[in-house]
Amino acid sequence: MHRDAAKPATQASGPLHVHPDNPRYFTDGGGRAIYLSGSHTWGNIQDQLSPDPDVKFDFAVYLDWMQAHRFNFMRGWAWEQAAWDNHTTEKLLVHPLPYRRTGPGTALDGRPKFDLTLLNQAYFDRVRSRVVEAAKRGIYVSIM
């Protein structure tokens, strides 16, 4: 591997492909081998609000931390449930979600039921903006 391949890119340029000369690495199509190394935290795409809904995840600080550690990859976790998780008995709210909550009726979390025929544009805007911001800092994102 070329010595400069270990340096983080100024901007991630994907999509990535298996490197033709060494399948243990990826390439962005420019011939350079890219080794992915990174970290994740659960609430890096959607907010997980509990117990104080005013405390929000600081995505910019998270990206600063990743850059300081020379990481170039993160898993972006996408949650499908509106509330609760198996690691806590507290009500954990997840926001935004992919579908609009229009009812009729009330879901188990006390809010209107989801209409699975209506997409929530705020969710998709959030995912896109976080992937774009990470790419500007040389970080590739995999949405899980």
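Residues numbered from 1 in each chain as written. Predicted model: local features only at pLDDT ≥ 70, side-chain atom pairs only at ≥ 80, totals over all residues. Heavy atoms only, no water.

## Here's the deal with the overall build of the protein chain
Point 1. Check the secondary structure of the protein chain and you find two helices and 10 strands.
Point 2. Element order for the protein chain, N to C, with α for helix and β for strand: β-β-β-β-α-β-β-β-β-β-α-β.
Point 3. A compact globule built from 144 residues should have a C-alpha radius of gyration of about 15 Å, whereas the protein chain, at 18 Å, is more than 25% larger.
Point 4. A burial count over the protein chain gives 32% of its 144 residues as buried.
Point 5. Considering only contacts within the protein chain whose residues lie at least 6 apart along the sequence, 55% involve residues at least 24 apart.
Point 6. Summing over all exposed atoms, the protein chain offers an accessible surface of approximately 9300 Å²; the carbon and sulfur share of this is 54%.
Point 7. Taking the 17 positively charged and 15 negatively charged side chains of the protein chain as two groups, their mean positions are separated by 4 Å. (Helix = DSSP H or I, 4+ residues; strand = E, 2+ residues; numbered from the N terminus. Rg over C-alpha atoms; globule rule 2.2 N^0.38 Å. Buried < 20%, exposed > 50% of the residue type's maximum accessible area, 1.4 Å probe, protein only. Contact = heavy atoms within 4.5 Å. Areas by Shrake-Rupley, 256 points an atom, 1.4 Å probe, with all protein chains shown as cover. Lys, Arg positive; Asp, Glu negative; His and termini not counted. Charge placed at Lys NZ, Arg CZ, Asp CG, Glu CD.)

## Here's the deal with the sheet that holds strand E1 (residues 17-18)
Point 1. If you walk across this open sheet you meet the three strands as E1-E2-E3, and the pairing is antiparallel. Each having just a single partner strand, E1 and strand E3 (33-34) make up the two edges of the open sheet.
Point 2. For strand E2 (residues 26-27) and E3, the ladder comprises two bridges, and the chain directions are antiparallel. Within the sheet, the bridge partner assigned to Thr27 lies in E3 and is Ala33. (Pairing = 2+ DSSP bridges.)

## Some thoughts on the nonpolar core
Point 1. Core analysis: the largest hydrophobic core is formed by 11 residues, namely Ile45, Phe59, Tyr62, Leu63, Met66, Phe71, Met74, Tyr123, Val127, Ala134 and Ile139.
Point 2. Elements that contribute at least two residues to this core include exactly helix H1 (59-68) and helix H2 (121-136).
Point 3. Here this core gets four residues from one element, more than from any other, and that element is H1.
Point 4. In contact with Ala134, other than residues within four places in its own chain, are Leu63, Ile139 and Val141. (Core = buried A, V, L, I, M, F, W, Y, C linked by side-chain atoms within 4.5 Å.)

## Looking at the packing of aromatic side chains
Point 1. Taken as a whole and judged by the stated rule, the model has eight aromatic pairs.
Point 2. Ring geometry for Trp42 against Trp77: centres 4.9 Å apart, planes inclined by 50°, an arrangement best described as tilted. Pair noted here: Trp42 is in the loop between E3 and strand E4 (47-49) and Trp77 is in the loop between strand E5 (73-76) and strand E6 (83-85), with a separation of 35 residues, a long-range link.
Point 3. Residue Trp42 is classed as partly exposed on the basis of its relative accessible area, which comes to 45%.
Point 4. Trp77 sits in the buried class, given a relative accessible area of 18%.
Point 5. Taken together, the ring pairs connect Phe57, Phe59, Tyr62, Trp65 and Phe71 into an aromatic cluster. (Phe/Tyr/Trp six-rings, centres within 6.5 Å; stacked < 30°, edge-to-face > 60°.)

## A look at the sheet that holds E4
Point 1. Here we have three strands laid out as an open sheet, ordered E4-E7-E6, and antiparallel in their pairing. Two strands lie at the open edges of the sheet, namely E4 and E6, each paired on one side alone. Averaged over neighbouring strand pairs, the angle between their axes works out to 45° when direction is ignored.
Point 2. Relative to strand E7 (residues 88-95), E4 runs antiparallel, the two sharing three bridges. In the sheet register, Gln48 faces E7, and the bridge partner there is Val94. (Axes fitted to C-alpha atoms, helices over the stretch in contact; angles between N-to-C directions.)

## Looking at H2
Point 1. Here H2 is 16 residues long and its end C-alpha atoms lie 22 Å apart, about the 22 Å a rise of 1.5 Å per residue gives.
Point 2. Those residues of H2 that fall on the buried side of the exposure criterion are Tyr123, Arg126, Val127, Arg130, Ala134 and Ala135. Each buried residue of H2 sits inside an arc of 160° when the element is viewed along its axis, so together they form one side. When the buried face of H2 is taken as reference, the exposed residues oriented beyond 90 degrees from it are Gln121 and Arg128. (Expected span 1.5 Å × (residues − 1). Arc of directions from axis to C-beta.)

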